[in-house]
Amino acid sequence: RKPNVIIIFTDDQGSVDLNCYGAKDLVTPHMDSLAKHGVRFTQFYAAAPVCSPSRAGLLTGRYPVRAGVPGNVPSKKGGVGMPASQVTIAETFKAAGYATAHIGKWHLGTRSHFHPNTRGFDEFFGFLAGAHGYFPVKKEERVYSTVMRNKTHLKEPEYLTDAFARETVRFIHKNKDKPFFAYVPFNAVHTPIEASKKYLDRFLDVKNPQQKTYNAMVSALDDAVGAIVAALKETQTEKNTLVIFMNDNGGPVYTRVQSNAPLRLGKLFLFEGGIRVPMIMSWPGVLEAGSIYRQPVSSLDIYPTLCAAAGVVLPPGLKLDGVNLFPHLNGEIKTAPHEALFWSNGPNKAVRLGQWKMVQAHDHVWLFDLEKDISETKSLAKAKPEILKTLQAKLRQWQGQMKPPAWPSKPNRRKAK
């Protein structure tokens, strides 16, 4: 039987906001258990430092600009979204006979032709916009901001993180006798910072109310991960299910509650705090339990890796920017999966080549040696002009392969001292 696949995709979680990544003030036993029984990646990169393009990169296996999503999709009834020409991983798995579900936040277009049900997902439970409150709505919201089951709007009575866990568990039980693919993009721990009493009571000793609530949100998210894994055990599908846990981008610095340290800055920025995120891959009996993979890899690699794991053939002519990670994880290939990785955020650009990383933003250019300076504190742009030229040439070559943005992407104008 083909393996099942579950992608747990968190929203704005800090780059180190799991105990297994160094957090001391949080409680994440279920997330940590995935790492204990699988592979933990230490240099895993999101496709973008913001929500929509990061999701597009994951679902298409292509650089967001190439996939037609250069920036965040407006959370309203607008005409932009992920183009229908892009073949999603859900469409590929559905064509291979998988039951498919999207449970959580979409943020890739609100019109009917952008809807998850038209992009390869048999079932959709979630919301289309970029953010949503966690408690039942008290007044009628705009239609794109309400929770939906497929294309029917409803009022969800539960704390939203709990509801998404509930629906994922339901989907697992419903499809336990056939291969299933579940994409579970929680909106936790994106703003608004809200938590129910059940989770707040776990952090009574935390005095800062904002920090207390964020810690509670992470704990709710961890419980949700635990419920999903428990459902796999209950249905005896755990050993035949590949589970991936990752984040869409680094934690935002403006909330003052997430942690990306020692990485520089966070969401919105192309420094490490904005794009280097936690990633865990667990598949009992296939992947080595408790192992660590230290080479730079990307969310673009998820698509081809999952297809290889499931024996799913890619559609003819489909070219992905990611690579199959399994030969690298099992030691068959010793070299790094990528020669270089690239990012684009409006006019801002970045490239990673081996130990070197270049960031271009607001007419400034930085060059960092990440092996010696993970915090990106000292730019070597003037000290290493030849290396800088090499990275600039790589970036120009990559940009030459990209199509013009499908719509204008607003540059990041935030500044930090």
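Presented here is an overview of the structure given in this document. (Residues numbered from 1 in each chain as written. Predicted model: local features only at pLDDT ≥ 70, side-chain atom pairs only at ≥ 80, totals over all residues. Heavy atoms only, no water.)

### Side note on the overall build of the chain
The helix and strand inventory of the chain stands at 10 helices and 16 strands. Taken over C-alpha atoms, the radius of gyration comes to 20 Å for the chain, in line with the 22 Å a tight globule of 417 residues would show. By principal-axis analysis of the C-alpha atoms, the chain measures approximately 55 × 55 × 45 Å. The burial tally for the chain puts 59% of its 417 residues in the buried class. Split by element, the accessible area of the chain, about 17100 Å² in all, is 53% carbon and sulfur. (Helix = DSSP H or I, 4+ residues; strand = E, 2+ residues; numbered from the N terminus. Rg over C-alpha atoms; globule rule 2.2 N^0.38 Å. Buried < 20%, exposed > 50% of the residue type's maximum accessible area, 1.4 Å probe, protein only. Areas by Shrake-Rupley, 256 points an atom, 1.4 Å probe, with all protein chains shown as cover.)

### Examining helix α1 (residues 29–36)
Along α1, the residues that are buried comprise Met-31, Asp-32, Leu-34 and Ala-35. Within α1, the buried residues cover an arc of 150 degrees as seen down the axis, which keeps them to one side. For α1, the elements touching its buried residues are β2 (39–41), α6 (209–234), β9 (241–247) and β10 (279–282). (Arc of directions from axis to C-beta. Contact = heavy atoms within 4.5 Å.)

### What about the packing of aromatic side chains?
Within this structure, the stated rule accounts for 20 aromatic pairs. Pairing Phe-9 with Tyr-183 gives two aromatic rings, centres 6.2 Å apart and planes at 45 degrees, and the pair type is tilted. Here Phe-9 is found in strand β1 (residues 4–10), whereas its partner Tyr-183 is found in strand β8 (residues 180–185), with 174 residues between them in sequence. A single burial state applies to Phe-9 and to Tyr-183, both of which are buried. Aromatic ring contacts, followed pair by pair, group Phe-9, Trp-106, Phe-121 and Tyr-183 into a single cluster. In this structure, Arg-40 packs its charged tip against the face of Tyr-21, placed 5.0 Å from the ring centre. (Phe/Tyr/Trp six-rings, centres within 6.5 Å; stacked < 30°, edge-to-face > 60°. Lys NZ or Arg CZ within 6 Å of the ring centre and 35° of its normal.)

### Topic: α6
Compared with the 38 Å implied by 1.5 Å per residue over 26 residues, the 37 Å span of α6 between its first and last C-alpha is a close match. With a side-chain oxygen lying 2.9 Å from the backbone nitrogen of Gln-210, the N-terminal cap of α6 falls on Asn-208. Remark: Gln-236 follows α6 within two positions and exhibits a positive phi of approximately 55 degrees. (Expected span 1.5 Å × (residues − 1). Polar contact = N/O pair within 3.5 Å; in protein donor to acceptor, adjacent residues only side chain to side chain.)

### Points about the packing of helix α4 (residues 160–174) against α6
The contact between α4 and α6 brings their axes to 9 Å, and the two run at 10 degrees. Between α4 and α6, the angle falls in the class roughly parallel. Facing Thr-161, Ala-165, Thr-168, Val-169, Ile-172 and His-173 of α4, the residues of α6 in contact are Ala-220, Leu-221, Ala-224, Ala-227, Ile-228, Ala-231, Leu-232 and Glu-234. (Axes fitted to C-alpha atoms, helices over the stretch in contact; angles between N-to-C directions. Parallel < 35°, antiparallel > 145°, perpendicular 65-115°, else oblique.)

### Focus on the nonpolar core
Membership of the largest hydrophobic core comes to 51 residues, with the highest contact counts inside it found for Ile-6, Ile-8, Phe-186 and Phe-245. Put simply, the parts of the chain that give this core at least two residues each are β1, α1, β4 (99–105), β5 (123–127), α4, β8, α6 and β9. For this core, the element with the highest residue contribution is α6, accounting for 12 residues. Membership of the second largest hydrophobic core comes to 46 residues, among which are Ile-244, Trp-283, Ala-309 and Leu-318. (Core = buried A, V, L, I, M, F, W, Y, C linked by side-chain atoms within 4.5 Å.)

### Details of the environment of Lys-319
Position of Lys-319 relative to the elements: it lies in the loop between α8 (302–310) and α9 (326–329). Classification of Lys-319 by relative accessible area gives exposed; the value is 65%. Counting along the chain gives 202 residues from Lys-319 to Asn-117, while the straight-line C-alpha distance between them is 23 Å.

### Re the sheet that holds strand β13 (residues 340–345)
Spatial strand order, β13-β14-β15-β16: four strands in an open sheet with antiparallel pairing. Every interior strand has two partners, whereas the edge strands, β13 and β16 (364–369), have only one. Neighbouring strand axes in the sheet, compared pairwise and without regard to direction, differ in orientation by 10 degrees on average. Direction of pairing for strand β14 (residues 348–353) relative to strand β15 (residues 356–361): antiparallel, over a ladder of five bridges. The residue of β15 that forms the bridge with Leu-353 is Trp-356. Relative to β15, helix α10 (residues 385–401) is tilted by about 65 degrees, and along the sheet it contacts β13, β14, β15 and β16. (Pairing = 2+ DSSP bridges.)

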